[in-house]
Amino acid sequence: MKNTNSRKRLKIRELIYLILGFCVFTVILTVSMKNIYWFTAYILLCVSFVIYGVYENSTIHTKDLVIESDKIPLGFENMKIIFFADIQMDYFYTKNRKKIRKIVNFINKEKPDIILFGGDYINKARGTETVFEELGFLKAGKGIYTVYGNHDYYDYKKITSRLKEQGINILKNNSAEIKTENGSIVIAGIDDYLRGTPDIEKALGGSGDMFTILLCHNPDYFEIMPEEAKEKTDIILSGHTHGGQLNLFGFAPFVPSRYGSKYRYGMKETKNSKIYITSGLGGVVFPMRFMARPEIVNLVLKKK
Ligand SMILES: [Fe+2]
């Protein structure tokens, strides 16, 4: 209880600092402009930015991600695989089920065979119940697989028990083989890089020579991932960075990464491997996004 209260105080303090900063900036600008028209234009621009940011945050887009490999079995060529991440339920969303219900309906309409979740169900512990009451409606013929994100450690026990109740497969340094009559693939998952204890050897232990998808919440892990493990992995799926959340043509000052914008969004390839970082669906601090559209990834596997 003490921790929750101190976190709440921290959040309120951040908000007060931000509002005070904006007010001071506005006063300085007003005095320096000495022109009511420019000042009015500035205020209108700020209001438009906020309205658009809230709107963009409420949208959902589909991103088709095509992966070609000679390791992909024929049984997976027409498989519907959906990947999404970073629901980030928080203060602004706790009583608002609409957004998560929209996400669930959006995914169910795609009639997925497999659903992959990249972690961060919540921002802080208050969102857990709402998220799982709604996620219980997700359907996937061959199962739902998930890793933990750093924020999920705020309510680790409850999230773990809800995942188990709903039959969602937790990949915490382990893997699952998905079988069809025409071959199998492996979905592996690694524990969170910031709050958990990642063990890539354990995570990829069951992959053998099969086509392997690795769920890894935080793309920063890619920087220290051993080359041998990268070679074993055919595609790494990450989230965490929210596409920067607030961007201006690629300039994103608040990317939660040690490497700036390097892992902000999209596909990054090296000699031995590739990682796709989704922009995810939620955000932190404000329910706003700018030039970082929320997305759900439609993973298309094609045999070379
Ligand atoms: Fe995260």
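Residues numbered from 1 in each chain as written. Predicted model: local features only at pLDDT ≥ 70, side-chain atom pairs only at ≥ 80, totals over all residues. Heavy atoms only, no water.

**Some thoughts on the domain arrangement of the chain**
The domain boundaries assigned to the chain delineate domain 1 (2-56) and domain 2 (60-303). For domain 1 and domain 2, the distance between their C-alpha centroids amounts to 32 Å. (Domains from an automatic or database assignment.)

**Considerations on a nonpolar patch on the surface**
A cluster of nonpolar side chains, Leu248, Phe249, Phe251 and Met291, forms an exposed patch at the surface whose accessible area comes to about 490 Å². Mapped onto the elements of the fold, Phe251 is located in the loop between strand E9 (235-238) and strand E10 (266-269). (Patch = residues over 30% accessible without salt bridge, like charges linked within 9 Å, V, L, I, M, F, W, Y side chains within 5 Å. Areas by Shrake-Rupley, 256 points an atom, 1.4 Å probe, with all protein chains shown as cover. Salt bridge = Lys/Arg side-chain N within 4 Å of Asp/Glu carboxyl O. Helix = DSSP H or I, 4+ residues; strand = E, 2+ residues; numbered from the N terminus.)

**Quick word on the coordination of the iron ion**
Bound to the iron ion are the protein donor atoms Asp120 (OD), Asn150 (OD1), His217 (NE2) and His240 (ND1), situated 2.1 to 2.2 Å from the metal. If you list the donors of the iron ion from N- to C-terminus, the spacing comes out as D-x29-N-x66-H-x22-H. With Asn150 in the loop between strand E4 (144-146) and helix H5 (156-165) and His240 in the loop between E9 and E10, this pair connects stretches of sequence that are 90 residues apart. In this structure Asn150 comes out as buried when scored by relative accessible area, which is 10%. Looking at His240, the relative accessible area reads 5%, which means it is buried. (Donors = N, O, S within 2.8 Å, 3.2 Å for Na, K, Ca; no water. Buried < 20%, exposed > 50% of the residue type's maximum accessible area, 1.4 Å probe, protein only.)

**Structural notes on the pattern of salt bridges**
Per the counting criterion, the structure on display carries 8 salt bridges. Salt-bridge contacts for Glu223 lead to Lys262; the nearest nitrogen and oxygen are separated by 2.6 Å. One end of the pair, Glu223, is in helix H7 (residues 221-224); the other, Lys262, is in the loop between E9 and E10, with 39 residues separating them in the sequence. The exposure class assigned to Lys262 is partly exposed, which follows from its relative accessible area of 45%. A salt bridge links Lys230 to Glu227; the nearest nitrogen and oxygen atoms lie 3.6 Å apart. With Lys230 and Glu227 both in helix H8 (residues 227-232) and 3 residues apart, this pair spans about one turn of that helix.

**Let's talk about the environment of Phe211**
With respect to the helices and strands, Phe211 occurs in the loop between helix H6 (200-203) and strand E8 (212-216). Residue class for Phe211 comes out buried when judged on its relative accessible area of 1%. Considering only alpha carbons, one finds Phe211 and Arg97, 114 residues apart in sequence, at a separation of 37 Å. If we ignore the near neighbours within four places in the chain, the residues touching Phe211 are Ile67, Ser69, Lys71, Ile72, Ile185, Val186, Asp234, Ile235 and Leu301. (Contact = heavy atoms within 4.5 Å.)

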